[in-house]
Amino acid sequence: MALDTRTDRRPSFAGLLWGSTVGKKTAMAVSGVVMLLYLVAHLLGNLKIFFGAGEFDAYGQWLRTVGEPFLHHEWFLWIARVVLVVCVVTHGVAAYQLSRRDIAARPTGYVHKRRRASYATRTMRWGGVILALFIVWHILDLTTLTVNPRAESGHPYENLVASFDRWYVAAFYIVAMLALGLHIRHGFWSAAQTLGVGSRARDRVLKTVADVLALVLTAGFVSLPVAVLCGWVS
Amino acid sequence: MKLTLRVWRQKSPDVPGAMAAYEVDGISPDMSFLEMLDTLNEELILGGQEPVAFDHDCREGICGACSLVINGDAHGPERTTTCQLHMRSFRDGDTIDVEPWRAAAFPVVKDLVVDRSSFDRIIQAGGYVAVPTGAAPDAHATPVPKPDADFAFEHAECIGCGACVAACPNGSAMLFTSAKVNHLNVLPQGAPERESRVLEMVSTMDDEGFGGCTLAGECATACPKGIPLFSITSMNREFVRAARKRR
C-alpha cells in the first residue's frame, strides 16, 4: 500500500505569489504593464482633439459601439473599466502592503544621511498617491461629469474644453502627468526586472523604451490642457 | 593624520545608543580602516574606557565579517570591504561617521556589531546542494557549460557581509538571496532543489523581516564583490517559474 507522503494542501499559484514580497511585485508589474498599455491607447484616442469637435465626439461614440454586435452596447467600455479597476486596486494594495514592510524593515535610520537612488525611484510612492488622487478627479470630471462645469453627456470635446479652461484644473493635470512620467520611467524598467526579462544585454534597450514611453505619454497628455489654455483648442 | 570620529555606541541590544565623538591622532594613510579603529581602541583601553566593538576576521576582504556604514556608505567610500579600505581615502582633519548596518533583521548586539544570523537562516532554507558524501567526484563527472560556470561563479563571490541590506532604502536582502539562489540554481548539482530552493529562501527572507525590492540599485552599488543588480532579475524569473511548477 502506498502511503500519502504529502497530506497538506499545496498553495495555489496566485496564493504563492501574493504571499511573498517577490510575488507581490510580480502582481504590481503585470497590473502596471496593463495600465501602461491602456495609457498608450488612451493617448492615441485623446490626440483626436486636435482634429476638432466632430471627430473627437464621434470617436467617443464609436468607443461605445466597439465589439457590436457580438458585445452589447457599451459592454466593451465596461469590460475595460473592470479590468482597469482590478489593476489599479491590485497595484495600489500591493504597493501599500510592500511599503509598510519596507518602512518596518529599517526601524532606525542612519545618522549620516545621504540621498539614495534616483529622483524617479524615490518619488514612486508619493507619485503613486498623486496619480491615485488624479484618477479619482479625472473620473469625476470627465467620465461621470460630477465636477465638470459643462457636464453635457455625449459631448466629450466641449466638456474637456470647459474643464481645462479653469487654469487650476489644467495645472493639476499637468502636475499629475509629470508624476506619471517619473512613475513610468522607473516603473517600466522595474517591471521588466520583476518579470525577469531584464539582462545586461537588454538593459540599454529597456531603459530607452522606459524613457521614450515616459516622455511621449507625458508630452502627449500635457499637450491637451496646454492647447486649451493657449486657445488652440476651444 | 588627525581625525574626528563619530561612532555609534550602544552597550547592549535593549538600551538606547548614541553617536559619540572621539579624536584620533597619528593615523598613517597606509592603515586600513580597521587598523585605525584598533588605534582608537588602544587609546580608549589605556584611558580606562570601553573599547568600540566591531566585527572583523580575515582582514583581507574575503570572509564577510567586517561591516560598518562609513559616512552613510556601506563599507565606506571605496567599493571594497571595510578591512580593505585604507585611510588614504580620507583627508587629514576629516570628521567620519561610523554606524552599524541598520535593518530590523540585523539587530545591534553592541556598538557596531550586528546579529546577521538571519542570513544563516536564509542559507539553511535552501542555500546548499544535497550531495552524497564520500570521496571527491571526478572533476569531469558532471559537465558544466562554461557560461553557466561563469554565471555561478559571479554569484558565488558573495561573501554574505550584508552591505546590500545596509545600503538598501528598504532594508531588503534581495541581492544576497538572489546571489545564493542563482549560484546553485544554474548548476547541475543544484538542479534537484531548483524550485524548492528559491521558494524556501525567499519565504525565509520575508519571514526574517527584510523589506522588499524597489530596484533602487543601491545594493549592487555597495556590494564589495560586484554582485550585479540583474542577479535579482534572475531570481525573480526563478521564483515565478518555481511557483508555477510547484502547484
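What you see is a predicted model; the values in this text were computed from it and never measured.

Rules behind the numbers
Residues numbered from 1 in each chain as written. Chains lettered and ligands numbered in written order. Predicted model: local features only at pLDDT ≥ 70, side-chain atom pairs only at ≥ 80, totals over all residues. Heavy atoms only, no water. Helix = DSSP H or I, 4+ residues; strand = E, 2+ residues; numbered from the N terminus. Buried < 20%, exposed > 50% of the residue type's maximum accessible area, 1.4 Å probe, protein only. Contact = heavy atoms within 4.5 Å. Areas by Shrake-Rupley, 256 points an atom, 1.4 Å probe, with all protein chains shown as cover. Domains from an automatic or database assignment. Buried area = accessible area lost by both parts, 1.4 Å probe. Salt bridge = Lys/Arg side-chain N within 4 Å of Asp/Glu carboxyl O. Polar contact = N/O pair within 3.5 Å; in protein donor to acceptor, adjacent residues only side chain to side chain. Nonpolar A, V, L, I, M, F, W, Y, C, P; charged D, E, K, R; others polar. Patch = residues over 30% accessible without salt bridge, like charges linked within 9 Å, V, L, I, M, F, W, Y side chains within 5 Å. Pairing = 2+ DSSP bridges. Axes fitted to C-alpha atoms, helices over the stretch in contact; angles between N-to-C directions. Parallel < 35°, antiparallel > 145°, perpendicular 65-115°, else oblique. Left-handed = near helix turned anticlockwise from the far one by under 90°.

On to the overall build of chain B, then. Secondary structure summary: chain B contains eight helices and seven strands in total. By its C-alpha atoms, chain B is 60 × 35 × 35 Å across when sized along the principal axes. In chain B, buried positions account for 52% of the 247 residues. Residue pairs in contact within chain B that sit at least 24 positions apart in sequence constitute 68% of those at least 6 positions apart. Summed over its atoms, the accessible surface of chain B is roughly 10,500 Å², and 51% of this surface lies on carbon and sulfur atoms.

Residue and element names in this part refer to chain B. Examined at the domain level, chain B breaks down into domain 1 (3-109) and domain 2 (116-245). Roughly 1,400 Å² is buried in total at the junction of domain 1 and domain 2, and carbon and sulfur atoms are behind 59% of that figure. Of all residues in domain 1, Arg79, Ala105 and Phe106 give up the largest surface area on contact with domain 2, accounting jointly for 40% of the area buried on that side. At the boundary of domain 1 and domain 2, one finds one salt bridge. Put simply, Asp55 and Arg116 hold a salt bridge, and the shortest N to O gap is 3.2 Å. At the boundary of domain 1 with domain 2, the tally comes to eight residue pairs in polar contact (both at pLDDT 80 or more). Residues of the side of domain 1 that touches domain 2, tallied by class, amount to eleven nonpolar, six polar and three charged.

Turning our eyes to something else, we now look at the pattern of salt bridges. A complete count under the given rule lists 22 salt bridges over all chains for this structure. Between Arg166 of chain A and Asp141 of chain A there is a salt bridge, with its nearest N and O atoms 3.8 Å apart. Taken together, the positions of Arg166 of chain A in the loop between α7 (156-164) and α8 (167-194) and Asp141 of chain A in helix α6 (residues 124-142) put the pair 25 residues apart, joining distant regions of the chain. There is no split in this pair, since Arg166 of chain A and Asp141 of chain A are both buried. Across the salt bridge formed by Glu195 of chain B and Lys245 of chain B, the nearest N and O atoms sit 3.8 Å from each other. Of this pair, Glu195 of chain B sits in helix α6 (residues 194-207) while Lys245 of chain B sits in helix α8 (residues 230-245), and the two are 50 residues apart along the sequence. Judged by relative accessible area, which is 16%, Glu195 of chain B ranks as buried. When its relative accessible area of 54% is taken as the criterion, Lys245 of chain B is described as exposed.

With that settled, the discussion passes to the environment of Gly64 of chain B. Here Gly64 of chain B is to be found in the loop between α1 (33-46) and β3 (69-70). In contact with Gly64 of chain B, not counting residues within four places along its chain, are Arg116, Ile159, Gly160 and Cys161 of chain B.

All right, on to a nonpolar patch on the surface then. All names here are of chain A. On the surface, Trp18, Val85, Val89 and Val93 cluster together into a nonpolar patch covering about 330 Å² of accessible area. The element best represented in the nonpolar patch is helix α4 (residues 75-104), accounting for three residues. Topologically, Val89 is positioned in helix α4.

The interface of chain B with chain A comprises 47 residues on the first partner and 42 residues on the second. Contact between chain B and chain A buries roughly 3,600 Å² in total, counting both sides, with carbon and sulfur atoms accounting for 55%. Looking only at chain B, the three residues that lose the most surface to chain A are Arg102, Leu215 and Phe230 of chain B, adding up to 17% of its buried area. Viewed at the interface, chain A and chain B are joined by four salt bridges. Of all elements in the fold, only β5 (95-99), α4 (163-167), α6 and α8 of chain B reach the threshold of two or more residues within the side of chain B that touches chain A. Of the residues forming the side of chain B that touches chain A, the biggest block, eight residues, is contributed by α8 of chain B. Partitioned by chemical class, the residues of the side of chain B that touches chain A number 26 nonpolar, ten polar and eleven charged.

Our next topic: the sheet that holds strand β4 (residues 73-74) of chain B. Residues and elements named next belong to chain B. The sheet built from five strands is open, its strands ordered β2-β1-β5-β3-β4 with mixed pairing. One side of each edge strand has no neighbouring strand; the edge strands of this open sheet are β2 (18-24) and β4. With two bridges connecting them, β3 and β4 associate as antiparallel partners. When the bridges of β4 are listed, Ile70 appears paired with Asp73. Set on the sheet, α1 makes contact with β1 (3-9), β2, β3 and β5; between it and β2 the angle comes to about 90°.

Another aspect to go through is the packing of helix α5 (residues 174-185) of chain B against α6 of chain B. Residue and element names in this part refer to chain B. Where α5 meets α6, the axes come as close as 10 Å, and the angle between the chain directions of the two elements is 170°. Taken as axis vectors, α5 and α6 run roughly antiparallel relative to one another. Considering the relative orientation of α5 and α6, their crossing is right-handed. Taken together, the residues of α6 that come into contact with α5 (itself represented by Met174, Thr177, Lys180, Val181, Leu184 and Asn185) are Arg194, Arg197, Val198, Met201, Val202 and Met205. The class makeup of the residues in the contact of α5 with α6 is seven nonpolar, two polar and three charged.

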